Number of protein chains: 2
Amino acid sequence: MPGPPWLRQRLTNAGFRLTWPRQVILDVLGQNPQHLSAEEIFFHVHQFYPGIGMATVYRTLDLLTRTGLVFKFDFGDGRSRYELASEAAKGPHHHMICTRCGRIIDFGHSIDEEGELIAALGKELSEKHGFKINSHRIHFYGLCQDCQSSSTEGKR
Amino acid sequence: MPGPPWLRQRLTNAGFRLTWPRQVILDVLGQNPQHLSAEEIFFHVHQFYPGIGMATVYRTLDLLTRTGLVFKFDFGDGRSRYELASEAAKGPHHHMICTRCGRIIDFGHSIDEEGELIAALGKELSEKHGFKINSHRIHFYGLCQDCQSSSTEGKR
DNA sequence: ATAATAATGATAATCATTCTCAATAACTGA
DNA sequence: TCAGTTATTGAGAATGATTATCATTATTAT
């Protein structure tokens, strides 16, 4: 059961071949709204397509990221994480990272001020530095509920 | 010439020993407002303290980060970068990362809307998810001036 | 000063990610 | 449909950043 047709089209339109690994990886990403690491993706894909190799996972993820189908995140835990762009684009979505247990929480709610702020900062960036902004991300760091109780901070 | 006294105090107060490597690393960070990588820090420190070892650089950076004296950043280029917290705290400062050449530009200017936005988002996070926010970061992704001219996008 | 022990430096080890290359599978045009 | 071209794959080696190990050294409290 190959993934959504529009996804496949985006690949073929861009001149890439529609291979099994690519379709399965896209499926796995589509069925897992969390931020999966390459290794987690590998394990999921492996169930449907046991022949998969780690290198292919990385190559495909890189391809999908460059094509804009997938977003690549870095939460500072030493591995990259990936999410379907169509999922991430359901609204401006930000991340809260617990600095103690590493838990990551999405929160997609947008607030009026955000549009204005981003617009203002973007304007400044382009005027002062000549940058052309394509996207932005806000990361919040702090303690999740569980980690606030257990008081011994200080490690990742 | 050991670094600023207040920095040293912060270390000893926290129960850590005041060693040469630590002081020199602090100095180097203080004299370089950019975001240095561990390797860059190593080279700088090496000029003043040739005996320095890479492991010590990493250990010290980790210590300083955990102590709150240094901020650790991850711009997605595969290596962590560090900056003195006192420097970074001179104002809310954000980063613009060129997705083509990897250049990073700080821009520390704050805008009225920002305070409100962060406050609003923070409130929501704590109410809905029980998070306690300590800090936040905004990253902008796009193309720097130089990379807008040379049109061939698509690689890092 | 001296003892107690935290911190260091050299090195090996680890971990995620990328590279290499021969084998394979996807598109193309006939 | 089939063969040819070539992108893509999988296995494993290679890389690069970071971390762990451990005997030696330096710092601090006594």
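Rules used throughout
Residues numbered from 1 in each chain as written. Chains lettered and ligands numbered in written order. Predicted model: local features only at pLDDT ≥ 70, side-chain atom pairs only at ≥ 80, totals over all residues. Heavy atoms only, no water. Near = heavy atom within 4 Å. Polar contact = N/O pair within 3.5 Å; in protein donor to acceptor, adjacent residues only side chain to side chain. Helix = DSSP H or I, 4+ residues; strand = E, 2+ residues; numbered from the N terminus. Nonpolar A, V, L, I, M, F, W, Y, C, P; charged D, E, K, R; others polar. Least-squares fit on C-alpha atoms with pLDDT ≥ 70 in both. Contact = heavy atoms within 4.5 Å. Buried < 20%, exposed > 50% of the residue type's maximum accessible area, 1.4 Å probe, protein only. Pairing = 2+ DSSP bridges. Disulfide = S-S within 2.5 Å. Buried area = accessible area lost by both parts, 1.4 Å probe. Salt bridge = Lys/Arg side-chain N within 4 Å of Asp/Glu carboxyl O.

K.L.:
Any chance you could explain the protein's contact with DNA strand C here in plain terms?
P.N.:
Near DNA strand C there are 21 residues, and of these A:Leu18, A:Tyr58, A:Ser80, B:Thr56 and B:Arg59 occur at the shortest range. Atoms of DNA strand C within 4 Å of the protein belong to the sugar or the phosphate in 65% of instances, the rest to bases. In this structure, a phosphate oxygen belonging to DNA strand C sits 2.3 Å away from a side-chain N or O atom of A:Tyr58. Contact distances for DNA strand C include 2.8 Å between a phosphate oxygen and a backbone N or O atom of A:Ser80. Listed by contribution, the elements that provide at least two residues to the surface near DNA strand C are helix H4 (54-67) of chain A together with helix H2 (20-31) and helix H4 (54-67) of chain B. Taken together, the residues that form the surface near DNA strand C break down as nine nonpolar, six polar and six charged.

K.L.:
Can you walk me through the relation of the copies chain B and chain A in this structure?
P.N.:
Copy one and copy two of the chain differ by a rotation about an axis and a translation along that axis. Superposing chain B onto chain A requires a rotation of 180° together with a translation of 0.0 Å along the rotation axis, leaving an RMSD of 0.2 Å. Both chain copies can therefore be described as sitting about a two-fold axis. Distance from the rotation axis, computed per C-alpha, reaches its smallest value in chain B at B:Ile138: 2.2 Å. The overlap is high: 100% of the interface residues of chain B also sit at the interface in chain A, so the same surface is used on both sides.

K.L.:
Sorry if this is basic, but what is going on with the pairing of strand S3 (residues 80-84) of chain A here?
P.N.:
Along a regular strand, successive side chains alternate from one face of the sheet to the other. Residue and element names in this part refer to chain A. Burial analysis of S3 places four of its five residues in the buried class, which makes it a mostly covered element. Bridge count between strand S1 (residues 36-37) and S3: two bridges; the pairing is antiparallel. Across the sheet, Ser37 pairs through a bridge with Arg81, a residue of S3. Summarising the sheet, strand S2 (residues 70-74) and S3 pair through five bridges and their orientation is antiparallel.

K.L.:
Before we go on, may I ask you to explain the state of the cysteines in this structure?
P.N.:
Two cysteines whose sulfur atoms are joined by a covalent bond form what is called a disulfide. All names here are of chain B. If you walk through the whole model with that rule in mind, you get zero disulfides over all chains. No disulfide involves Cys144; its nearest neighbouring cysteine sulfur is the one of Cys98, lying 3.7 Å away. Assessed through its relative accessible area of 1%, Cys144 is described here as buried.

K.L.:
Please clarify how the interface of chain B and chain A should be interpreted in this entry.
P.N.:
Many analyses report the size of an interface as the accessible area lost when the parts associate. Across the boundary between the two partners, chain B contributes 40 residues, which contact 41 residues of chain A. Across the chain B/chain A interface, buried area totals approximately 3800 Å², and carbon plus sulfur atoms make up 66% of it. Taken together, the links from chain B to chain A amount to zero salt bridges. Run the count over chain B and chain A and you get eight residue pairs in polar contact (both at pLDDT 80 or more). At the level of elements, strand S2 (70-74), strand S4 (94-98), strand S5 (104-107), helix H6 (112-129), strand S6 (132-143) and helix H7 (145-149) of chain B are the ones that each hand at least two residues to the side of chain B that touches chain A. With 12 residues, S6(B) is the single largest residue contributor to the side of chain B that touches chain A. Pairing of strand S6 (residues 132-143) of chain A with S6(B) involves 11 bridges; the strand directions are antiparallel. When the bridges of S6(B) are listed, A:Leu143 appears paired with B:Lys132.

K.L.:
Looking at this model, I keep getting lost on the pattern of salt bridges. Mind explaining?
P.N.:
A side chain of one charge can pair with a side chain of the opposite charge when the charged atoms of the two come close. All names here are of chain A. According to the stated counting rule, one finds 10 salt bridges over all chains in the structure shown. Where Arg81 meets Asp77, a salt bridge forms, and the shortest distance between an N and an O atom there is 3.3 Å. Exposure remark for Arg81: the relative accessible area of 12% places this residue in the buried category. For Asp77, a relative accessible area of 29% puts it in the partly exposed group. Ionic contacts of the salt-bridge type, sharing partners, join the residues Glu40, Asp77 and Arg81 into one network.

K.L.:
So what exactly am I meant to see when it comes to the environment of A:Leu26 here?
P.N.:
Residue and element names in this part refer to chain A. Here Leu26 is to be found in helix H2 (residues 20-31). Sequence separation of Leu26 and Leu69 is 43 residues, and the distance between their C-alpha atoms is 9.0 Å. Those residues in contact with Leu26 that lie beyond four places of it in its chain are Leu7, Leu11, Leu64 and Leu84.

K.L.:
Help me out: how do you make sense of the sheet that holds S3(A) in this one?
P.N.:
Within the open sheet, the three strands sit side by side as S1-S3-S2 (chain A). Their pairing is antiparallel. If you trace the sheet from one side to the other, it starts and ends with S1 and S2 of chain A, each paired once.

K.L.:
Please clarify how the protein's contact with DNA strand D should be interpreted in this entry.
P.N.:
Within the structure, DNA strand D sits among 21 residues, and A:Thr19, A:Thr56, A:Arg59, B:Tyr58 and B:Ser80 are positioned closest to it. A:Gly51 places a main-chain nitrogen or oxygen 3.3 Å from a phosphate oxygen of DNA strand D. Here A:Gly53 contributes a backbone N or O atom positioned 3.4 Å from a phosphate oxygen of DNA strand D. Within the residue set of the surface near DNA strand D, elements represented by two or more residues are H2 and H4 of chain A together with H4 of chain B. For the surface near DNA strand D, a count of residues per class yields nine nonpolar, six polar and six charged.

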